[in-house]
Structures are given as structure tokens and as C-alpha cells.
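Chain residues, written in single-letter form:
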Amino acid sequence: MEAKTLVLLKALLLLCFNVCFTLASDPDPIQDFCIPKPITFPHHDHFSTNLPCKNSSEVTTEDFVFSGLKTAGIFTETGFATVPVSPANFPGLNTLGMSFVRADLKPGAINPPHYHPRATEVAHLVKGQVYSGFVDSNNKVYAKVMEAGEMMVYPKGLVHFQMNVGDVTATILGGLNSQSPGIHKIPSLVFGSGINEELLVKAFGLSLKQIGTLKRRFDPVMSNEH
């Protein structure tokens, strides 16, 4: 009897794992495509897959073409620029379970450690030399200096990073297997999210003054006050 119960529990756990894994992914489309109709209400979620679709007779080739990756985005003071591509600015991606990003880094600039909770990313280095890598759940770093034409994959949910180690601006094109991959930048996640300062002092062995300095840098509310 105990053996049967154990087998049943294992089966239930396996079923739960499969269901949870399925729910954690973008749903499969139930039609060829779904170009959302123009949003007429101010509070609609741009990433929703439940928006009404255009009638196929209203869909044109231009709905499936995006030209926004031809040039770099606006560079920050640190020399980093991105152009994210999702159904919010490219409706043709809606319900297809993918998104893209163009990243440009001036010499010495970084894309700080971050992760995407809902997507694996493949990064293709178009131009330049970039130190790129990720950290697995055992704290092992997989990193190398990438040359133009090479690709690297960052598994879903793992922290990854990039730094331009060349002499020219580097350009990276990234593809993600979710139309809403999410992004958590580690510095902002830790020091800009309102975590209790005493906890941060104990966790990092820093003084309260040092924690305050980091919070002023990464907390959007505090940084806007200074």
C-alpha cells in the first residue's frame, strides 16, 4: 500500500511540475497571428494577448515589419543604449512568444548584471568585442570575450552581463523566447527596491552611509530628489 501511495505521489509531483512549467511559458497561439486593434481605452495592457485582433482583411505586410533596429537607441551617461522590441512597439509579435532587443555599448560601457525571469536570451554580437557571460545556480561563471559574428545563450532566469572591451562601439542583437520576458537589474533590484537598510548592511557588510550612497544611486525616487 505504501509503495502504491509513493508511486501516486511521484505521479502527482510530476504532473504538477509539467503544469507549472507550462503555465510559466507564453501560451501557444490558437491562430496564425493576432495583430491587435488600436487601443481605444487608456488602461489596456499593451502586452495582453487578450486584445481583439484585426480582421485578416485589415492586416497588411507592414504589420509584420519593424524598422526600429536600424539605428542605436539613446545612450545613457554610462555609454549604454537599448532598443527593446515587443508587441508594445511591434504589434506583429503579439501572441508569437518572442521579443528582441538591440544593445549598443560605447568602449568601456557595460550592460550590468541582470536576468529575465520569463525568457532565455540569445545574443548575437554584430560589431565589436564584448566580454559576455552568465552565472549558474552554483555560482559558476561562464564568460569569454566575444568577437563579431559570435552568439551566446543566457538560460532563462540566470544572471548575465556584458562589457565592451574593444575600441569601437559594440552592437548586440538579442532574441528572447517570450513576448514579455521581464528584466531585473541586480544593482537596482537590491539597492533601488526599498529593501530594509539594516538587512542590506548585514548582508553586504557595508556601513549605513555606504548603503545610503548606493540607494541614492539606484533608487529612482531618491535619485530624482538629488
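Residues numbered from 1 in each chain as written. Predicted model: local features only at pLDDT ≥ 70, side-chain atom pairs only at ≥ 80, totals over all residues. Heavy atoms only, no water.

The protein is annotated in an unreviewed UniProt entry as Germin-like protein of Arabis nemorensis. Reading the Sequence similarities (unreviewed entry) entry of the UniProt record for the protein gives the comment "Belongs to the germin family." (UniProt positions renumbered as here; feature names shortened; annotations may be inferred.)

(A) Inspection of the overall build of the protein at higher detail. Check the secondary structure of the protein and you find five helices and 10 strands. Taken across its 226 residues, the protein has 30% of its residues classed as buried. Summed over all atoms, the accessible surface of the protein reaches about 14,400 Å², with 62% contributed by carbon and sulfur. (Helix = DSSP H or I, 4+ residues; strand = E, 2+ residues; numbered from the N terminus. Buried < 20%, exposed > 50% of the residue type's maximum accessible area, 1.4 Å probe, protein only. Areas by Shrake-Rupley, 256 points an atom, 1.4 Å probe, with all protein chains shown as cover.)

(B) Quick peek at the UniProt feature "binding site: Mn(2+)" (unreviewed entry) in the protein. This chain's UniProt record puts "binding site: Mn(2+)" (unreviewed entry) on H114, H116, E121 and H160. The greatest C-alpha distance among the residues just named is 11.8 Å, despite their covering 47 residues of sequence, which places them together in space. Mapped onto the elements of the fold, H114 is located in strand β3 (residues 110-115). Those residues in contact with H114, other than ones at most four positions away along the chain, are L158, V159, H160, I183, H184, K185 and I186. Among the polar contacts listed, one links the side chain of H114 to the backbone oxygen of P112, at a separation of 2.7 Å. Along the chain, the position of H116 falls in the loop between β3 and β4 (121-127). For H116, the contacting residues outside a window of four places in its chain are E121, K156, G157, H160, L176, P181, G182 and I183. Of note is the side chain of H116, whose polar atom sits 3.1 Å from the side chain of E121. (Contact = heavy atoms within 4.5 Å. Polar contact = N/O pair within 3.5 Å; in protein donor to acceptor, adjacent residues only side chain to side chain.)

(C) Highlighting the sheet that holds strand β5 (residues 129-135). Read from one edge of the open sheet, five strands run β6-β5-β8-β3-β10, paired in antiparallel fashion. Either end of the sheet is taken by a strand with one partner, and the two such strands are β6 (141-147) and β10 (184-185). Pairing of β5 with β6 involves seven bridges; the strand directions are antiparallel. Bridge pairing links Y131 to V145 in β6. (Pairing = 2+ DSSP bridges.)

(D) Main features of the state of the cysteines. Here the structure, examined in full by the defined rule, presents one disulfide. Each disulfide pairs two cysteine sulfurs, and for C34 the partner residue is C53, the sulfurs being separated by 2.0 Å. Where C34 bonds to C53 through sulfur, the torsion about that S-S bond is close to -100 degrees, and the disulfide is left-handed. Of this pair, C34 sits in the loop between α1 (2-23) and β1 (80-85) while C53 sits in the loop between α1 and β1; the two residues are 19 residues apart in sequence, bridging distant segments of the chain. Taking the relative accessible area as the measure of exposure, C53 reaches 25% and is therefore partly exposed. (Disulfide = S-S within 2.5 Å.)

(E) Structural detail: the side chain of D104. Its place among the elements puts D104 in strand β2 (residues 99-105). In this structure the side chain of D104 is engaged in a polar contact, spanning 2.7 Å, whose partner is the side chain of T171. Sequence-distant contacts of D104, that is, excluding residues within four places in its chain, are made with A72, G73, F75, G79, F80, A81, T169, A170 and T171.

(F) Looking closely at the packing of helix α3 (residues 197-204) against helix α4 (residues 208-218). Between α3 and α4, the shortest axis-to-axis distance is 9 Å and the interhelical angle comes to 110 degrees. By the angle between their directions, the pair α3 and α4 is classed as roughly perpendicular. Across the interface between the two elements, E197, L200 and V201 of α3 pack against L208, I211 and K215 of α4. Broken down by class, the residue content of the contact of α3 with α4 amounts to four nonpolar, no polar and two charged. (Axes fitted to C-alpha atoms, helices over the stretch in contact; angles between N-to-C directions. Parallel < 35°, antiparallel > 145°, perpendicular 65-115°, else oblique. Nonpolar A, V, L, I, M, F, W, Y, C, P; charged D, E, K, R; others polar.)

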